[in-house]
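# Examination of the molecular architecture
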Amino acid sequence: MSNPPRKIVRLAAVVGLAAAVAWFLHWYGNRHDYFDLRIYMKAMRWWADGNPLYDYAQPDRVQGELYFTYPPFAALLLRPFVEISLGTTFAIFTIGSAVAVAVTTWWLVSPVAERRGLPRWYAAGLAIPFVFAIEPTRETIAFGQINMLLIVLILGDLLIAVPRNSRWAGVGIGLATALKLFPGIFIVYLLVTRRWRAAITASAAAAVATLLAAAVAPRDSWRFWTHELWATDRVGRTDYTGNQSLLGLLSRLTAPEDPSRLLWLALVALALGYGMWRAARAVRAGDEVAGLALTGLVAALISPITWPHHVYWFVPALVVLVDAGLPSEGRRVRPALLALAVIGYATIVYGVVSFFDWGVAPEPTDSVSEFVRRNAYVLLTVVLLAVLPARTGVPDYPRSAPKRTDLANARPAA
């Protein structure tokens, strides 16, 4: 009996993996029941009824009180959802996040597959279920977060618009920054990689979106930028295990006391300087994916609050690890990189808050094993900042097309 065609085997592998992940997600369930999205919609209703946007507060057993913490431009985009049913809003956010996961994963893996001689549908078909299974994706969908919209804007800029020298390069990063401040690190990334025009465009797009929100809601905008932005207690407790930032790690060591802010700022400066230096070197080597992954991981470390659904940036980092670890022309397999990819993936599937309730009261970390479990993302991020390779000679993303004069002067190949 002859072996089945390779395409059938590949299709079976994709279908089998997708079914296994679908079962896992069904078993895991929607444990948060769109908790964050419900807060957004209640805040939007409160605002639509004529109340100050940032006065909205909702009691919470862990954080005390929860508020609407996004910039006013995000409120402008969320406000229309008040006019439709909550169930429809849930469906739109869920489908939108799922489509965004599929699209961004395709962007990341299809150039690698093409370079390695694999069908792009096959590589993406294997990668997409893996991305759905990780805690950052599960938390994004279950909480009803807007993170994947930001990822689409950022990756669309850095993987498509910027390499092609598009006049619109930077707009996506600018809009993402106006929606949520976290993506502002990518304007710094554009600067350290000397994409001056894109950095200016990103800054201008963020400013225009912010001014538009100020024109529509001047009082709320003034209040956000002069007061609420600096009130970090509105976002949540820094010692809570879900906060996977440097400040979170320090806070869990000293809880219930606050950690030294001087020590935190010193670590932030170190992470920012070293991480952006490595990101710039990765781009100079030709590895845009490694550069943007390092930048996103830096943002996760230095932000005062970094929830698990913020740390999408493990995904492009794992793509780089796997691609750099597998053998290719002129290079043998690199077991250490593949082992780190497996350990890293297992870490973000298990997560830090998915399968263990860390309680409500602030508790200091009192053992090595607890320290590792409560800071798994922070520790993994630090390791990746140190060892994530920058692949050379892999121009995975198309640069701008050559000018006609260059084509006319080009000499034909012998």
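Coordinates for the structure precede this section.
Below you will find a few notes about this structure. These numbers come from a predicted model, not from an experiment.

## Structural notes on helix 18 (residues 376–387)
Side chains three or four residues apart in an α-helix point the same way, a direct result of the helix having 3.6 residues per turn. A rise of 1.5 Å per residue sets the reference length of helix 18, with its twelve residues, at 16 Å; its end C-alpha atoms lie 17 Å apart and thus fit the reference within 8%. Among the residues of helix 18, Ala376, Tyr377, Val378, Leu380, Thr381, Leu384 and Leu385 are the ones counted as buried.

## A word on helix 2 (residues 35–48)
Relative to the 20 Å expected for 14 residues at 1.5 Å per residue, helix 2 spans 20 Å between its end C-alpha atoms, a close match to the ideal helical length. Positioned one or two residues after helix 2, Gly50 has a phi angle of 95°, which is positive.

## What to know about the packing of aromatic side chains
In total, this model carries 23 aromatic pairs according to the counting rule given. Here the aromatic rings of Phe130 and Tyr345 are separated by 5.4 Å at their centres, their planes lie at 90°, and the arrangement is edge-to-face. Of this pair, Phe130 sits in helix 5 (residues 120–133) while Tyr345 sits in helix 16 (residues 335–350), and the two are 215 residues apart along the sequence. Residue Phe130 is classed as partly exposed on the basis of its relative accessible area, which comes to 37%. Three or more aromatic residues joined by ring pairs form one cluster here, namely Tyr40, Tyr54, Phe68, Tyr70, Phe224 and Trp225. Stacked on the ring of Tyr122, the Lys or Arg Arg10 has its end atom at 5.1 Å from the ring centre.

## Side note on the packing of helix 13 (residues 261–284) against helix 18
Closest axis-to-axis distance for the helix 13/helix 18 pair is 9 Å, and the angle between their directions is 45°. With respect to their mutual orientation, helix 13 and helix 18 come out oblique. Both helix 13 and helix 18 take part in a crossing whose hand is left-handed. Residues Tyr274, Gly275 and Arg278 of helix 13 pack against Leu384, Leu385, Ala386 and Val387 of helix 18. Across the contact of helix 13 with helix 18, the residue classes tally to five nonpolar, one polar and one charged.

## Concerning a nonpolar patch on the surface
Taken together, the side chains of Trp23, Trp27, Tyr350, Phe355 and Phe356 make up a nonpolar region of the molecular surface, amounting to roughly 590 Å² of accessible area. As for its position among the elements, Phe356 is in the loop between helix 16 and helix 17 (368–374). Judged by relative accessible area, Phe356 falls into the partly exposed class, the value being 39%.

## Structural notes on the nonpolar core
With 116 residues, the main nonpolar core has Met44, Phe68 and Trp313 as its most contacted residues. When sequence neighbours within four positions are dropped, the list of residues in contact with Met44 reads Leu53, Phe68, Ala75, Leu78, Arg79 and Val82.

## Some thoughts on the packing of helix 6 (residues 135–143) against helix 16
Remark: helix 6 packs on helix 16, axes separated minimally by 6 Å, with the N-to-C direction vectors making an angle of 25°. By the angle between their directions, the pair helix 6 and helix 16 is classed as roughly parallel. The segment helix 6 lies against helix 16, with Glu135, Pro136 and Arg138 engaging Ile348, Val349 and Tyr350.

## Side note on the environment of Gly50
One can find Gly50 in the loop between helix 2 and strand 1 (57–60). The exposed category is assigned to Gly50, whose relative accessible area is 64%. A C-alpha to C-alpha distance of 28 Å links Gly50 and Leu149, two positions 99 residues apart in sequence.

## With respect to the environment of Ala113
The topology assignment puts Ala113 in helix 4 (residues 86–115). For Ala113, a relative accessible area of 3% gives the class buried. For the pair Ala113 and Leu155, spaced 42 residues apart in the sequence, the C-alpha separation amounts to 18 Å. If sequence neighbours within four positions are ignored, Ala113 has contacts with Leu118, Pro119, Arg120 and Ala123.

## Comments concerning the side chain of Thr193
Relative to the elements of secondary structure, Thr193 occurs in the loop between helix 9 (185–192) and helix 10 (196–216). Within the structure, Thr193 has its side chain in polar contact with the backbone oxygen of Tyr189 (distance 2.7 Å). For Thr193, the side chain forms a polar contact with the main-chain oxygen of Leu190, separated by 3.3 Å. The residues contacting Thr193, other than those within four sequence positions of it, are Ala280 and Val283.

## Here's the deal with unusual backbone geometry
For residues besides glycine, phi is generally negative; the peptide bonds are generally trans as well. Look at the link from Ala255 to Pro256: it is a cis peptide, with omega at 5°. Secondary-structure assignment places Pro256 in the loop between helix 12 (246–254) and helix 13. A positive phi angle is found at Tyr34, which is not glycine, with a value near 55°. Its relative accessible area of 14% is what places Tyr34 among the buried residues. The residue Arg194 is not glycine, and still its phi comes out positive at about 65°. Position of Arg194 among the secondary structure elements: in the loop between helix 9 and helix 10.

Rules behind the numbers
- Residues numbered from 1 in each chain as written.
- Predicted model: local features only at pLDDT ≥ 70, side-chain atom pairs only at ≥ 80, totals over all residues.
- Heavy atoms only, no water.
- Helix = DSSP H or I, 4+ residues; strand = E, 2+ residues; numbered from the N terminus.
- Expected span 1.5 Å × (residues − 1).
- Buried < 20%, exposed > 50% of the residue type's maximum accessible area, 1.4 Å probe, protein only.
- Phe/Tyr/Trp six-rings, centres within 6.5 Å; stacked < 30°, edge-to-face > 60°.
- Lys NZ or Arg CZ within 6 Å of the ring centre and 35° of its normal.
- Axes fitted to C-alpha atoms, helices over the stretch in contact; angles between N-to-C directions.
- Parallel < 35°, antiparallel > 145°, perpendicular 65-115°, else oblique.
- Left-handed = near helix turned anticlockwise from the far one by under 90°.
- Contact = heavy atoms within 4.5 Å.
- Nonpolar A, V, L, I, M, F, W, Y, C, P; charged D, E, K, R; others polar.
- Patch = residues over 30% accessible without salt bridge, like charges linked within 9 Å, V, L, I, M, F, W, Y side chains within 5 Å.
- Areas by Shrake-Rupley, 256 points an atom, 1.4 Å probe, with all protein chains shown as cover.
- Salt bridge = Lys/Arg side-chain N within 4 Å of Asp/Glu carboxyl O.
- Core = buried A, V, L, I, M, F, W, Y, C linked by side-chain atoms within 4.5 Å.
- Polar contact = N/O pair within 3.5 Å; in protein donor to acceptor, adjacent residues only side chain to side chain.

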